[in-house]
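An overview of the molecular structure
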Amino acid sequence: MLQNGRWFTRTFNIMTDTFNALVARQQNDKHTVAFETLTPDELDPGDVTIAVDYSTVNYKDGLAITGAAPIVQRYPLVLGIDFSGTVIESYNAGFQEGDRVVLNGFGASERLHGGYAERAQVNGDLLVKLPESISNRQAMAIGTAGYTAMLCVLAIQDAGTVPENGPVLVTGAAGGVGTIAISLLASLGFDVAASTGREEETAFLKSLGANEVLDRHALSDAGKPLQREKWGAVVDCVGSNTLANAIAQTCYGGAVAACGLAQGADLPATVMPFILRSIKLLGVDSVQAPLSARQRAWEALATTLDTAKLESLCFDLPFDQVPNAAQEILKGQIRGRAIVAIS
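Predicted model, so just to flag it, every value in this text is computed and none were measured.

How each quantity is defined
- Residues numbered from 1 in each chain as written.
- Predicted model: local features only at pLDDT ≥ 70, side-chain atom pairs only at ≥ 80, totals over all residues.
- Heavy atoms only, no water.
- Axes fitted to C-alpha atoms, helices over the stretch in contact; angles between N-to-C directions.
- Helix = DSSP H or I, 4+ residues; strand = E, 2+ residues; numbered from the N terminus.
- Left-handed = near helix turned anticlockwise from the far one by under 90°.
- Contact = heavy atoms within 4.5 Å.
- Nonpolar A, V, L, I, M, F, W, Y, C, P; charged D, E, K, R; others polar.
- Pairing = 2+ DSSP bridges.

Between helix α1 (residues 59-66) and helix α10 (residues 322-330), whose axes approach to 8 Å, the crossing angle comes to 115°. You can see that α1 and α10 cross each other, and the crossing is left-handed. Counting all contacts with α1, which are made through Y59, G62, L63, I65 and T66, the residues of α10 involved are V322, P323, A326, Q327, I329 and L330. Broken down by class, the residue content of the contact of α1 with α10 amounts to eight nonpolar, three polar and no charged.

The strand order across the open sheet built from three strands is β5-β4-β7, with neighbouring strands paired in antiparallel fashion. Either end of the sheet is taken by a strand with one partner, and the two such strands are β5 (30-38) and β7 (77-78). For strand β4 (residues 19-27) and β5, the ladder comprises nine bridges, and the chain directions are antiparallel. Note on β5: the bridge partner recorded for N20 is T37.

Turning to the environment of A341, a few remarks are in order. Mapping A341 onto the fold places it in strand β19 (residues 337-341). As a C-alpha pair, A341 and F319 span 22 residues in sequence and 6.4 Å in three-dimensional space. Not counting residues within four places of it along the chain, the set of residues in contact with A341 comprises D53, Y54, L317 and F319.

And the structure:
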């Protein structure tokens, strides 16, 4: 049907008057989070309405839920930086009822209502249609962490990284981005070295494709500006001294993709690796990445990611346990990906 020059589909029989959501509020200048029952008119304006099937728990979700960092920029706010689901109403020509979609970032859980709710309403230009080979559940097994990992892998490949350049170092290897980055790189034929502070995860990381597992303390202290060349490329989820040392150990002409700050937001490095070894430092942003980059990443995930390994990375987390998981992920106590069934 056409209305005001735009095609849309409408479905009322599966719309509900109320739905459950995890909402952040500010009470007496204090950040609070609780499960609430909302109505559709409390959603943001948007031309696509989605029945949310799954979300997940990322490090950034942990920060937003606990208030450990100023992620939330408005109150009240539905939390959850990503979701997958099915379109139930659309005023956007690019989407119709039944389309399976995913949203990663784009301000969700910051300034826009996010994925910890049974309903979402957003502008269609924030959504990506899922490839046929990726189910809604698998989309959140991948989630923002896996999508970010794919962006990092594409970044170092675009910079000329090939397996013949030498091993690729992945830092924060037992986390959401790190585990999927290892699996992706191994599937592409790279020799992968994994840096982690969890020695007990060595066998698990090797099962994903890591050929070597390093103790993170080998990288986490201050080091020399230039060190022995070891890595053809790096995917860094940690920042601070770890990133500085990884750069200092990257081989001539190598690329370093930086996407995280688990150790810190500082970078105590010098320009020497860049001007003496022609190292390329590539910032990877998953929040505001353009639609073309998002579509490319999801298409690459559909053809590259080993779904059997993906399942080994995941565990199911009840919706009501999300606040507890937020505490755990900030303490480094979660391995891999938590899949949260919302509806």
